[in-house]
Amino acid sequence: MLILKEFIGQGAVRECYRHPQNKNKCVKILKNSNDLKILKRELEIFLAVKNDLGKFILNYDDKLVMTNKGFGLVCELLTDDDGTLSKPVYHYFNNGKVYAELQRQFYYFIYQLIEHNLYFYDFNLDNFIIQKQNQSLNLKYIDLKSFENNKSWTFLKLEKIISPLAEAIMKRRLKKLLKLLGIPQ
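Residues numbered from 1 in each chain as written. Predicted model: local features only at pLDDT ≥ 70, side-chain atom pairs only at ≥ 80, totals over all residues. Heavy atoms only, no water.

**Digging into the nonpolar core**
With 48 residues, the main nonpolar core has V89, F106, F109, L113, F120, F123 and F128 as its most contacted residues. For this core, the secondary structure elements donating two or more residues are β3 (25–30), α1 (36–53), β4 (60–67), β5 (70–76), α2 (100–115), β9 (128–133), β10 (136–141) and α3 (163–181). No other element matches the 7 residues that α3 contributes to this core. What F106 contacts, discounting residues up to four positions off in sequence, is V89, F128, L139, L177, L181 and I183. L2, L4, Y17 and V65 belong to the second-largest nonpolar core, a separate cluster that totals 7 residues. (Core = buried A, V, L, I, M, F, W, Y, C linked by side-chain atoms within 4.5 Å. Buried < 20%, exposed > 50% of the residue type's maximum accessible area, 1.4 Å probe, protein only. Helix = DSSP H or I, 4+ residues; strand = E, 2+ residues; numbered from the N terminus. Contact = heavy atoms within 4.5 Å.)

Structure below.
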């Protein structure tokens, strides 16, 4: 059993701790649930999208681990060359626009999503981390749980069976993201 002590951060559903035995990894645990389906689904999503989005997503271990806080999902910890935790994308704004070096990566990330019919829906700025490695900035998307999970208010959830609808919803959200980042569309 892993004893988690060093809290790193949290989202709406999970908390993240530094792995106690490997400083290059972290452990994601559920905040308010023991529903392992959530963590298992995220691991399945990683396996499904890693070939198409590999450079943009975290690497995951292939199984859940037991911790003092319940089951956890082990993944890569994003740190910069200086050893500090990598920062969210909004730390890389200049006059209301994301750095030009990152614009190309955002375009390619979006291209990969559309080209491979990978429908993600949560493009919150906190879900994009920029890793500074070897004098370059690398875009990482850290929230796989929104894959094919629109959290729509609609009763029928038609986007789950009608791909053009799923793509339209995702593109609309991506346009909002680009506008927020100051990236031309």
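**Remarks on the sheet that holds strand β6 (residues 87–88)**
Backbone hydrogen bonds hold the strands of a sheet together, and the pairing may be parallel or antiparallel. What the 3 strands build is an open sheet, ordered β6-β9-β10; its pairing is antiparallel. Strands with a single pairing partner mark the edges of an open sheet, and in this sheet they are β6 and β10. As judged from the 6 bridges shared by β9 and β10, these two strands associate in the antiparallel manner. Its bridge partner lying in β10, Q131 is registered against N138. Of the strands in this sheet, β9 and β10 are in contact with α2, which crosses β10 at around 35 degrees. (Pairing = 2+ DSSP bridges. Axes fitted to C-alpha atoms, helices over the stretch in contact; angles between N-to-C directions.)

**Considering the pairing of strand β2 (residues 14–18)**
When you tally the buried positions in β2, you get 5 out of 5 residues, the bulk of the element. Side chains of β2 alternate between two faces, with R14, C16 and R18 and E15 and Y17 buried alike. Where strand β1 (residues 7–10) and β2 come together, 3 bridges link them in antiparallel fashion. Counterpart to G9 in the pairing with β2 is C16. Taking the residues that link successive antiparallel strands as the turn, the β1-β2 hairpin has 3 residues. Across 5 bridges, the pairing between β2 and β3 is antiparallel. If you follow C16 over to β3, its bridge partner there is K28. The antiparallel pairing of β2 with β3 creates a hairpin that spans 6 residues between the two strands.

**Quick notes on the sheet that holds β3**
The strand order across the open sheet built from 5 strands is β1-β2-β3-β5-β4, with neighbouring strands paired in antiparallel fashion. Each edge of the open sheet carries a strand with a single partner, namely β1 and β4. Mean inter-strand twist for the sheet, computed between neighbouring axes without regard to direction, equals 30 degrees. Sitting on the sheet, α1 is in contact with β2, β3, β4 and β5, with an inclination near 160 degrees to β4.

**Details of a nonpolar patch on the surface**
On the surface, M1, I3, M66 and F71 cluster together into a nonpolar patch covering about 400 Å² of accessible area. Mapped onto the elements of the fold, I3 is located in the segment before β1. (Patch = residues over 30% accessible without salt bridge, like charges linked within 9 Å, V, L, I, M, F, W, Y side chains within 5 Å. Areas by Shrake-Rupley, 256 points an atom, 1.4 Å probe, with all protein chains shown as cover. Salt bridge = Lys/Arg side-chain N within 4 Å of Asp/Glu carboxyl O.)

**Digging into the pattern of salt bridges**
Using the criterion set out here, one finds 7 salt bridges in the structure. Where R14 meets D143, a salt bridge forms, and the shortest distance between an N and an O atom there is 3.6 Å. One end of the pair, R14, is in strand β2; the other, D143, is in the loop between β10 and α3, and 129 residues separate them in sequence. Residues R14 and D143 agree in their burial class; the two are buried. Between K145 and D143 there is a salt bridge, and its shortest N-O distance comes to 2.9 Å. Of the residues examined, K145 reaches a relative accessible area of 17% and is grouped as buried. The class of D143 is buried, set by a relative accessible area of 3%.

Honestly, it's all geometry; don't read function into it.
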